[in-house]
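The residues making up each chain are set out below.
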Amino acid sequence: MNPSVSSLGPARIDLLDPFEVSRLGGLELVSEGVVEGFLAGLHRSPRRGFSVEFAEHRMYQPGDELRYVDWKILGRNDRLYVKQFEEETNLRAMIVSDISRSMAWTGAPDTRLTKLEYAQRLIAALALVLLRQRDATGLITFDDEVRSVTPARARLSHWRTLLRVLAALSPGKGTAAEPALRRVMDRLRRRGLVVFVSDLLLERETALRALQFLRHRGHQVIVFHLMDPGEVNLEGPAEARFEDPETRAAITLRPKDWADVYRDTVAGVVTEWYKACRKRGINYHRITTDTPFGVALRQALARPAGLA
Amino acid sequence: MVFPAVRYLVDTTREHQRRLKLQNWLLLLIRTLLVALVVTAAAGPTSPIRSAAGHSPAALVLILDNSLSSGAVVNGTSRLATFRTAAREILDRATSEDHLWLMLADGVLRGGDPAALKLLVDSAAPAFTRLDLGHALSQGQEVLTTQALPGELVLVTDLQRTAVTEAEIRFPLLIIRPEDDPSGNLGVSGIEAGPQPWSLGGGRAIVSVVGDSNLSLPLTVRLGDRPPRQALASAGAAVPVILSSAVSGWWPVQAELDPDELLADNIRTGVVRIAPVARVSWDSTERFVAAACEVLERNGRISRGNEVTIGPVAPGLTVVEPPQDPAQLGAINRALAARGVGWQYGTLNAAAGTTDSNALISRERVARRYTLETVESGRTGVIATVGGAPWIVRAGDVVLLGSRIDPEWTGLPISAGFVPFMDALLNRIARGELTVSGGNPDEPIALPDLVTAVRQGARQWVVEGGAPFRPGDIGIYFLLAGRDTIGALAVNFDPRESLLARAADGSVRDLWRGASFASPSGGPRQAFSLGVRTDLRGPALWMVLLLGLAEVALASARRKSS
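Reading the values: rules and limits
Residues numbered from 1 in each chain as written. Chains lettered and ligands numbered in written order. Predicted model: local features only at pLDDT ≥ 70, side-chain atom pairs only at ≥ 80, totals over all residues. Heavy atoms only, no water. Helix = DSSP H or I, 4+ residues; strand = E, 2+ residues; numbered from the N terminus. Buried < 20%, exposed > 50% of the residue type's maximum accessible area, 1.4 Å probe, protein only. Contact = heavy atoms within 4.5 Å. Areas by Shrake-Rupley, 256 points an atom, 1.4 Å probe, with all protein chains shown as cover. Pairing = 2+ DSSP bridges. Axes fitted to C-alpha atoms, helices over the stretch in contact; angles between N-to-C directions. Phe/Tyr/Trp six-rings, centres within 6.5 Å; stacked < 30°, edge-to-face > 60°. Lys NZ or Arg CZ within 6 Å of the ring centre and 35° of its normal. Buried area = accessible area lost by both parts, 1.4 Å probe. Salt bridge = Lys/Arg side-chain N within 4 Å of Asp/Glu carboxyl O. Polar contact = N/O pair within 3.5 Å; in protein donor to acceptor, adjacent residues only side chain to side chain. Parallel < 35°, antiparallel > 145°, perpendicular 65-115°, else oblique. Left-handed = near helix turned anticlockwise from the far one by under 90°. Nonpolar A, V, L, I, M, F, W, Y, C, P; charged D, E, K, R; others polar.

Considerations on the overall build of chain B
Reasoning step 1: A count of helical and extended segments in chain B gives 9 helices and 35 strands.
Reasoning step 2: The buried share of chain B, taken over its 562 residues, is 49%.
Reasoning step 3: Nonlocal contacts in chain B, meaning residues at least 24 apart in sequence, comprise 69% of its contacts between residues at least 6 apart.
Reasoning step 4: A total of about 25500 Å² of accessible surface is found on chain B, and carbon and sulfur atoms cover 55% of it.

In structure tokens, the structure reads:
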């Protein structure tokens, strides 16, 4: 454990303001701190895979580890049985992150992380949790096309690789989720977990179609809908020209006049995403960039449907 | 400023604009309705009360269409029986405070209490008259106009298409009509006996059949008590029938179809006059007269004899031509006066003219003619005119021609109608026999000038010549001039009654605005409720208030959102 993080004492770093936490150190340090805090706050393992609960016996097969042989049965019956435990097989998780230009935006540069910076830290923490469970974890980044593919590995040292990829991320161009999700399908042949991190400023139907296809293949899918608080509540000068960084579409209006109906529209969009995901068996979480990382991790990992 | 969620902003403004537009439309609609309702309320609208068990006193005209077509039998029940039941139910609902009138197919409005009118309803039988429904409604409205009570018209009818005529409806009108289709029907619509009198050898009648059925029915035609002739007839057919001879006199001709669902129109009666052909004496030097008479003689339409003389004034029946030499005019006029003829020749008129067409003669050129002057008051016996002036007249047993039968005087001798004209002149006009005519019951028929009385069987009516006669029943009526029978009327039902096809409700509603329709089973319950109306001003004002509140709410919401 890094001394600087340990020196935080009993403070739960995972529950601090993300911007403040990010100022404590680099990506690695912050992520470890977040995960330590997060795990310390759990009363029990968040996943059954951590447990070593006995599940059943089966006949010994050549190649089985001898430490799982039930010697008592051998003594009684002279037969070789091995114990089986829940979650013997490791999970294969693939984190799919949107790095489009819209992600590199924050409504308050002095006090809030950009959505991409927030995503980097959240993904790093999540990956560390998964790798500590010996779950193979990979990363795919995309903007208007797939930018990087880091295959899933179960070794803990793989986390460093992921950190390097995350640290090297730079904002891309437009957003097209479908190719990235199709690449995930190619990569995840066994049923696994797909974590989709994006601000969802993309073609909803296309993205949903791809996510649904993942569900049909048996994958568990979690969607983190990252939003900046400035995107939830419209603020600005008396009259402003708002320009989309990706499409360059622009609109000029008085934010004060439109704040209420805009908030309703955003709420409607979130509701539509939630309903559409729920209908397809996808876990959907809207997370604003001022949400502590621990809360975001808990949302994803505390639910049985999340990583089970 | 850069803002990734511009798409949400675009959606917001678009959605908001749509909502604003919708709100604007709603506001416009509400305000329009408000204005319309205020105007309507100011006009004092009323609405009929349709379900009143008891009812306010009302003036009601009940028109029971018992015209000939009501005798049709549909599904084993006559239409009239159904109508009578409905009419009785309506009268049963009447109270002593209601003012009631009943009109049958005779078009007479009869006022009375419910009991008296029910007796009339019960005794109503299919009439031979046609009821013009538009006219009947107009008559009914005339009575209602004089009433202080709310008025209402109830028409119980088979709603024959041919009976529906235009009328301006000013009172609530309930039409009770059967909902099932009428049965197909054939009826005899006419008997055309052709030129008369028929000779003793007989003649040819053409029987017309009308109807809205594709069926063909056997047709039997009888001349008096002579053996009948038969043919097969269908709707629209004109069936020629040769009828064998009989002795001289007036003979009925009866055409009868085999029975169908409406019996009353299956029989039609006509009348023919049978007489020996005229025995004519003519001057063979009169080229055109002689030629025509020889043709008629060869065809058996006249024979040579002294019954009718054509030329100078002679004893007996005479057709007098004016003289070629004007110097002889005085002698002719004196001879006419000596015979007691009330007409004489006047001055020669060389101005060209044209005959006024009538049943005897079509339009012919007249180059020269003598004026025909009456020496008595009145102008009876005119048979043909030129420009309104007498050209052929008959007085007593003399017929005076205004022009000579010569192409230099008139184009008649060289026209196609000349020989038929001579046939009619010699056989009918000179002998004083008139055209047999026809008509419908209760409809006025113009009588010839000479007629002094009309006789049917044992009944006889004294009439004034030229006045209209209104026969009350179907049958044959003989026209009398003194003791002589000079013509006959064959009175039959109106052939339009044979067309049972019903008028569509929509077309009737177009013609009679505001009419409502009901079946004979449910219709009587709606009577006495159309004329009684409830005031709609209260509900209209409540609606105005509600719409006003809605307008205020919507307008403030719109102001807030914009």
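Some details on the sheet that holds strand E15 (residues 267-274) of chain B
Residues and elements named next belong to chain B.
Reasoning step 1: Strand order in the open sheet formed by 4 strands is E12-E11-E14-E15, and the pairing between neighbours is antiparallel. The open sheet has two edge strands with one neighbour each: strand E12 (229-234) and E15. Here the average twist between neighbouring strands, direction ignored, is 25 degrees.
Reasoning step 2: Sheet analysis places strand E11 (residues 216-223) next to strand E14 (residues 249-257), joined by 5 bridges and oriented antiparallel. Counterpart to Leu219 in the pairing with E14 is Leu257.

Observations concerning the packing of aromatic side chains
Reasoning step 1: Tallied over the entire structure, the rule returns 12 aromatic pairs over all chains.
Reasoning step 2: Between Trp250 of chain B and Phe478 of chain B, the ring centres sit 5.9 Å apart and the planes meet at 65 degrees, which makes this aromatic pair edge-to-face. Residue Trp250 of chain B is found in strand E14, and its partner Phe478 of chain B is found in strand E32 (residues 475-481); the two are separated by 228 residues along the sequence.
Reasoning step 3: Among the residues examined, Trp250 of chain B registers a relative accessible area of 18% and is labelled buried.
Reasoning step 4: Geometrically, the ring pair formed by Trp461 of chain B and Tyr477 of chain B is tilted, given 5.8 Å between the ring centres and 35 degrees between the ring planes. Note that Trp461 of chain B is positioned in strand E30 (residues 459-462) and Tyr477 of chain B in strand E32, a separation of 16 residues in sequence.
Reasoning step 5: For Trp461 of chain B, a relative accessible area of 29% translates into the label partly exposed.
Reasoning step 6: Taken together, the aromatic side chains of Trp105, Phe242 and Tyr262 of chain A together with Phe3 of chain B make up a single cluster linked through ring pairs.
Reasoning step 7: Looking at Arg268 of chain B, its charged tip hangs above the ring of Phe493 of chain B, at a distance of 4.9 Å from the centre.
Reasoning step 8: The ring of Trp409 of chain B has Arg368 of chain B sitting right over it, with the charged end atom 4.5 Å from the ring centre.

So, the interface of chain B and chain A
Reasoning step 1: Each side of the interface is counted separately: chain B has 15 residues, and chain A has 29 residues.
Reasoning step 2: Interface of chain B and chain A: buried area, both sides summed, is about 2000 Å²; carbon and sulfur atoms make up 73% of it.
Reasoning step 3: In this assembly, chain B and chain A are joined by 0 salt bridges.
Reasoning step 4: Counting every contact that joins chain B to chain A gives 6 residue pairs in polar contact (both at pLDDT 80 or more).

What about the packing of helix H8 (residues 204-216) of chain A against helix H10 (residues 255-279) of chain A?
A pair of packed helices is characterised by two quantities: the angle between their axes and the separation of those axes.
Residues and elements named next belong to chain A.
Reasoning step 1: Running from N to C, H8 and H10 cross one another at 25 degrees; their axes reach a closest spacing of 11 Å. Taken together, the axes of H8 and H10 are roughly parallel relative to one another. Between H8 and H10 lies a crossing of right-handed hand. Contacts from Arg204, Ala207 and Leu208 in H8 reach Glu272, Trp273, Ala276 and Cys277 in H10.
Reasoning step 2: Among the residues forming the contact of H8 with H10, the class breakdown is 5 nonpolar, no polar and 2 charged.

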